[in-house]
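Close look at the chain arrangement
For reference, the chains in residue letters:
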Amino acid sequence: MHMADALLSPAVGITMWGVTAGTIAYCSTKVKKDLDDRKIPLMGVLGAFIFTAQMINFTIPATGSSGHIGGGLLLAILLGPYAAFLTIASVLVIQALFFADGGILALGCNIFNLGIFPAFIAYPLIYKKIIGSQPSPTRLSIASIIGVVVALQLGAFSVVLETVASGISALPFTTFVVLMQPIHLAIGIVEGLVTTTVISFVYTARPEILQSAMGARPLGNISVRNIVLSFLALTFLTGGVLSWYASKNPDGLEWSIAKVTGTGELTGTEQSLHHVLAAIQEKTAFLAHYSFPSKQGGEATTEVATAGKEVQDDSGRLGTSVSGSVGSLLTLTMAILIGFFLRRETAGKG
Amino acid sequence: MRSIDGAVLDLKRLDLLATGDSIIHRLDARAKVVTTLFFIIVVVSYKRYALAELTPFLFFPVITLALSNLPISYILKKIAAILPLAIFVGLFNPLFDRETQVLLGPISISGGWISLVSIMGRSALTVGSAIILIATTGFISICHALNRLGIPRVFTVQLLFLYRYIFVLTEEAACTTRARELRSCGKKGLGFSSFGPLIGHLLIRTWARAERIHMAMVVRGFSGEFHSRQINRFGGKEYLYVIGWSLVFIILRTEDITAILGAAFTGFFS
Amino acid sequence: MSHHIVEVKNLKHVYADGTIALKDLSFTIHHGESVAIIGANGAGKSTLLLHLNGYLAPTVGEVRIGGFPLTPETLPEIRRTVGMVFQDPDDQLFMPTVYEDVAFGPCNLGLPEEEVRQRVGEALEKVGAGHLAQKPPYHLSGGEKKRVAIATVLSMSPDILVMDEPTNGLDPFSRRQLIGLLKDFHHTRIFTSHDLDMVIELCERTIVLHQGEVKADGPTVAIFNNAQLLAECRLEKPLSMQGCPICGASRNRL
């Protein structure tokens, strides 16, 4: 579920960086206020634990395939939401930098998709509600399975929105949703089961670990309403920026929705989503003067094509594409030659 | 889903490369972080069918790679390793986007294929620049740079803890999984019933370790505040690096260099 | 400074889960002494060590360091005075580089940067690890890690060195190197160990713990010659004091 830079547009990437950076700053002050100086080493070491645990695969019964633990909800249970969010973010930073699991610009999206939902939705609103004040093995299982499934569903949906809004992938919105959600339902159930077995093991072997985590009651005095409200605000903010960009960008959300409408697959819910986005777009129209640097030739090409018109002016197009390919070859050769030359120079000095 | 041993070797290799010495290695980490980020943003700012326009951007990774004395084959291998993933995510484009975009003589190429190749090119450029960043800078310096760029201390400090203990925990996990494999009598994979306890055990040991680390911190006078050295190396070279490259990226983004070059070249011969 | 540098009086410790780790311990360690605390697994050695630095507070009884009782006011000074080296150096070396780790303590003491640098340099030189300063801890060998871990407390210029199982997990060469290093220290030294041969070399005095109590306290050689005591406490005469099983030569003249 890690998104790559190659499928993102700058608007989506930068917006999500902003949202994530803000959340990191907020969580950092929360953790600092906590005044439990055990937390920082604990977060770091548990982050390393999740990183490691993700490399241990288990066999999914009756399928022959294998999976690994995601760990978002597990971290939230052990550390509380704020510290857990920071820890998930750290694991993703390491994976992006060292293993190219998700790009650097995509980090904002990935941290959002995999961090926000387990820490601030699944844990406080589902897991803790089901567990209640009297945790029992059955409640632990139900709570972790539902928690993981919901977090993954939201995360997967968010991946769809971010990808479609970026407009690099040609996958239409509905097709993408239909692909992503059921796959992640299956993954979520399996991962929920695994999380349950790990938590029940810890619960029987060292119950005080879970109790101390629960006793801290990190979200105890925050009402559900506040979380929901801040989430709505966050959704509208990001949705607004994204849809505004999508409106400036013919390749974006609208394009795919329009395309799907053409084939008659658009259902009522998406229709209303479209209206909501259109409304937000109107509200955010004061940003309309802003536009990204663009050049003439290439963009005209895309616009013509995406508007669904017939290809026109074949000879002109042929001209640009030939000079484009020749130019690319030239620059490519130059880049390699310069690299080779510099390399020899530095090697000679070294 | 990689093997533990392989991942650790990879991590150590990149970590050791970062201890090298070159013009690029010696630059302040902040300059490299900012430039790389800007590079990635500019590269992904191109529209779906951009292909020829992307080629001049190869200059950035090629030149930094050449100046940094990194083993080229290793970096290429790391980039090649992610390309299958790029192909996978771009594979839907030829299926859904079949309108002809380019005619090269009798061959017509659909938009989907062009955008698939474009996605691969973007992947190679963005991933390549990220790998060069980490291999010339090292994770520790990147964390310090993030801190100086405004990321909260709480976050960067625990990021450093995470990085430090990856090396310890992966070793523990590798021992555990090896011990399990040796007793699994050739059965492949790890069933649900043993996975939970295995991971659970690792978790409990990790928790105990965190408690010991905290102990070791407290007995050396830790009281919640981290002190770290602040070395400011951001000087002329760094400004030159950031501003120089940024200008190059902006020019490349606004002017279609390849088209100009190509036109000049074909014009010269016709 | 008091002549009795470490005083433990009627120390009892009960963990939160009800386990009685220490029953009623009393002993005094004098300035410059080198003392081994030995005993079977679970005898209470580690729990005792954690009291010497104020990490754990006694349930009953008192611990005095250099004449001062352990109180919140004296704690920072006592933590500087008592340098604690843990069994697993990976727990102790948590900073990104060796330099930063050795500087961690002095920085927490609030020393100026120039003095921190000087102390780090001296501490690393003392353990022969000056060349490792810029390395990250995970690139060090076991022996190097151990020596750097010692440097991390030396940089706080402690009067008392407390070490938990210093030779644990070291190869023979690194172990020999470490023993040589520890012999040269003039601090008051307190070790726990199962490496009884090291105890003979480094400590003139030994305290035997058994089930949370002091079973014996006296000259190391006398204790190791008391076969009955050793057997009762699940210990064994060190190899260097036993007859050679191959050539039959006896080392009992010790």
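Here the structure is a predicted model, which means the values were calculated and not measured.

1. Remarks on the overall build of chain A
Each helix and strand counted, chain A has 13 helices and 2 strands in total. Buried positions account for 53% of the 350 residues belonging to chain A. Within chain A, residue pairs in contact and separated by at least 24 positions form 76% of the contacts whose partners lie at least 6 positions apart. Accessible area of chain A: about 14,600 Å², with a carbon and sulfur share of 66%.

2. Some thoughts on the overall build of chain C
Summing up its helical and strand segments, chain C has 10 helices and 10 strands in all. Relative to its full complement of 254 residues, chain C shows a buried share of 56%. Look at the contacts in chain C between residues 6 or more apart in sequence, and 63% of them connect residues 24 or more apart.

3. Looking at a nonpolar patch on the surface
All names here are of chain B. Together, Tyr239, Ile243, Leu247 and Ile251 give the surface a local cluster of nonpolar side chains, amounting to about 410 Å² of exposed area. With respect to the helices, strands and loops of the structure, Ile243 is situated in helix H11 (residues 236-254). Since its relative accessible area comes to 49%, Ile243 is described here as partly exposed.

4. Remarks on the packing of helix H4 (residues 59-68) of chain B against helix H7 (residues 111-137) of chain B
Residue and element names in this part refer to chain B. Taken N-terminus to C-terminus, the directions of H4 and H7 make an angle of 25°; their axes are 10 Å apart at the nearest point. Taken as axis vectors, H4 and H7 run roughly parallel relative to one another. Considering how the two elements wind past one another, H4 and H7 form a crossing that is left-handed. Across the interface between the two elements, Phe60, Pro61, Thr64, Leu65 and Ser68 of H4 pack against Leu125, Ser129, Ile132 and Thr136 of H7.

5. Remarks on the pairing of strand S9 (residues 205-210) of chain C
All names here are of chain C. With 6 of its 6 residues buried, S9 lies for the most part within the structure. Of the two faces of S9, the one carrying Arg205, Ile207 and Leu209 and the one carrying Thr206, Val208 and His210 are both buried. Where strand S3 (residues 34-38) meets S9, 4 bridges bridge the pair, whose relative direction is parallel. Within the sheet, the bridge partner assigned to Ile38 lies in S9 and is Val208. One ladder, built from 6 bridges, connects S9 with strand S10 (residues 213-219); its direction is antiparallel. Its bridge partner lying in S10, Val208 is registered against Ala216. Count of turn residues in the S9/S10 antiparallel hairpin: 2 residues, of which Gln211 carries a positive phi of about 50°.

6. Some points on the interface of chain B and chain C
Residue-level contacts link 29 residues of chain B with 30 residues of chain C. Summing the contributions of chain B and of chain C, the shared interface buries around 2,700 Å²; its carbon and sulfur component is 61%. Applying the counting criterion to the chain B and chain C interface returns 5 salt bridges. In this structure, the salt-bridge partner of Arg164 of chain B is Asp90 of chain C, at a minimum N-O distance of 2.8 Å.

7. Some words on the interface of chain B and chain A
Taken together, the contact between chain B and chain A spans 109 residues of the former and 104 residues of the latter. A combined buried area of about 9,800 Å² lies between chain B and chain A, and 77% of that area is made up of carbon and sulfur atoms. The tally of links from chain B across to chain A stands at 0 salt bridges. At the surface where chain B touches chain A, the tally comes to 6 residue pairs in polar contact (both at pLDDT 80 or more). Among the elements that take part in the side of chain B that touches chain A, helix H10 (residues 192-218) of chain B stands out by supplying 19 residues, more than any other.

8. Examining H11 of chain B
Residues and elements named next belong to chain B. Counted at 1.5 Å a residue, the expected span for H11 with its 19 residues is 27 Å, and the 27 Å between its end C-alpha atoms agrees. All buried positions along H11 are accounted for by Glu238, Tyr241, Val242, Trp245, Ser246, Phe249, Leu252 and Arg253. For H11, the buried positions fall inside an angular range of 130° around the axis, keeping them on one side. In this structure, H11 carries Gly236, Lys237 and Leu240 as exposed residues pointing more than 90 degrees from its buried face. In this structure, the buried side of H11 is in contact with helix H2 (23-26), helix H3 (29-44), H4 and helix H12 (257-269).

9. Points about the nonpolar core
Inside soluble globular proteins, nonpolar side chains tend to come together where they are buried. Grouped together as the largest cluster of nonpolar side chains are 198 residues, with contacts concentrated most on Phe49 and Phe98 of chain A together with Phe139 of chain B. Taken domain by domain, the makeup of this core includes at least three residues from each of domain 1 (4-148) and domain 2 (153-218) of chain B. Aside from chain neighbours lying at most four places away, what touches Phe49 of chain A is Leu74 of chain A together with Leu169, Ile199, Leu202, Leu203 and Thr206 of chain B. With 47 residues, the next largest nonpolar core counts Tyr99, Ala103, Val153 and Leu178 of chain C among its residues.

10. Observations regarding the packing of helix H5 (residues 107-131) of chain A against helix H6 (residues 137-166) of chain A
Angle between the axes and distance between the axes: these two values describe a pair of packed helices. All names here are of chain A. Following both chains from N to C, one finds H5 and H6 inclined at 150°, their axes separated by 8 Å at the closest point. Relative to H6, the element H5 is oriented roughly antiparallel. Between H5 and H6 lies a crossing of right-handed hand. For the contact of H5 with H6, a count of residues per class yields 18 nonpolar, 5 polar and 2 charged.

11. Observations concerning the pattern of salt bridges
According to the stated counting rule, one finds 23 salt bridges over all chains in the structure shown. The closest approach of N and O atoms between Arg117 of chain C and Glu114 of chain C, which form a salt bridge, is 3.2 Å. Residue Arg117 of chain C and its partner Glu114 of chain C are both found in helix H5 (residues 113-126); the two are separated by 3 residues, about one turn of the helix. Judged by its relative accessible area of 40%, Arg117 of chain C falls in the partly exposed class. For Arg176 of chain C, the salt bridge is made with Glu201 of chain C, and the minimal N-O distance between the two is 3.0 Å. Note that Arg176 of chain C is positioned in helix H7 (residues 172-183) and Glu201 of chain C in helix H8 (residues 196-202), a separation of 25 residues in sequence. Judged by its relative accessible area of 41%, Arg176 of chain C is partly exposed. Through salt bridges with shared partners, one network takes in Glu172, Arg205, Arg209 and Arg212 of chain B together with Asp88 and Asp91 of chain C.

12. Here's the deal with the confidence of the model for chain A
A residue-level look at chain A finds 64% of positions with pLDDT of 70 or above and a mean pLDDT of 73. Segment residues 280-318 of chain A is flagged for pLDDT under 50; beyond a separation of four residues in sequence, or across chains, it makes 50 contacts in the model.

13. Describing the packing of aromatic side chains
The final tally for this structure, using the stated rule, is 26 aromatic pairs over all chains. The interplanar angle of 35° and the centroid separation of 5.9 Å between the aromatic rings of Phe51 of chain A and Phe99 of chain A together place this pair among those described as tilted. Within this pair, whereas Phe51 of chain A is found in helix H2 (residues 39-53), its partner Phe99 of chain A is found in helix H4 (residues 81-99), the two being separated by 48 residues in sequence. Judged by its relative accessible area of 1%, Phe51 of chain A falls in the buried class. Taking the centre distance of 4.9 Å and the plane angle of 80° together, the rings of Phe60 of chain B and Trp245 of chain B count as edge-to-face. Of this pair, Phe60 of chain B sits in helix H4 while Trp245 of chain B sits in helix H11, and the two are 185 residues apart along the sequence. In this structure Phe60 of chain B comes out as buried when scored by relative accessible area, which is 4%. Feature note: the residues Phe38, Phe39, Tyr46, Phe57, Phe60, Trp245 and Phe249 of chain B constitute an aromatic cluster, connected by ring pairs. Positioned above the aromatic ring of Tyr74 of chain B, the side-chain terminus of Arg13 of chain B is 4.2 Å from the ring centre. The ring of Tyr165 of chain B carries the charged tip of Arg164 of chain B above its face, separated from the ring centre by 5.0 Å.

Reading the values: rules and limits
- Residues numbered from 1 in each chain as written.
- Chains lettered and ligands numbered in written order.
- Predicted model: local features only at pLDDT ≥ 70, side-chain atom pairs only at ≥ 80, totals over all residues.
- Heavy atoms only, no water.
- Helix = DSSP H or I, 4+ residues; strand = E, 2+ residues; numbered from the N terminus.
- Buried < 20%, exposed > 50% of the residue type's maximum accessible area, 1.4 Å probe, protein only.
- Contact = heavy atoms within 4.5 Å.
- Areas by Shrake-Rupley, 256 points an atom, 1.4 Å probe, with all protein chains shown as cover.
- Patch = residues over 30% accessible without salt bridge, like charges linked within 9 Å, V, L, I, M, F, W, Y side chains within 5 Å.
- Salt bridge = Lys/Arg side-chain N within 4 Å of Asp/Glu carboxyl O.
- Axes fitted to C-alpha atoms, helices over the stretch in contact; angles between N-to-C directions.
- Parallel < 35°, antiparallel > 145°, perpendicular 65-115°, else oblique.
- Left-handed = near helix turned anticlockwise from the far one by under 90°.
- Pairing = 2+ DSSP bridges.
- Buried area = accessible area lost by both parts, 1.4 Å probe.
- Polar contact = N/O pair within 3.5 Å; in protein donor to acceptor, adjacent residues only side chain to side chain.
- Expected span 1.5 Å × (residues − 1).
- Arc of directions from axis to C-beta.
- Core = buried A, V, L, I, M, F, W, Y, C linked by side-chain atoms within 4.5 Å.
- Domains from an automatic or database assignment.
- Nonpolar A, V, L, I, M, F, W, Y, C, P; charged D, E, K, R; others polar.
- pLDDT = per-residue confidence, 0-100.
- Phe/Tyr/Trp six-rings, centres within 6.5 Å; stacked < 30°, edge-to-face > 60°.
- Lys NZ or Arg CZ within 6 Å of the ring centre and 35° of its normal.

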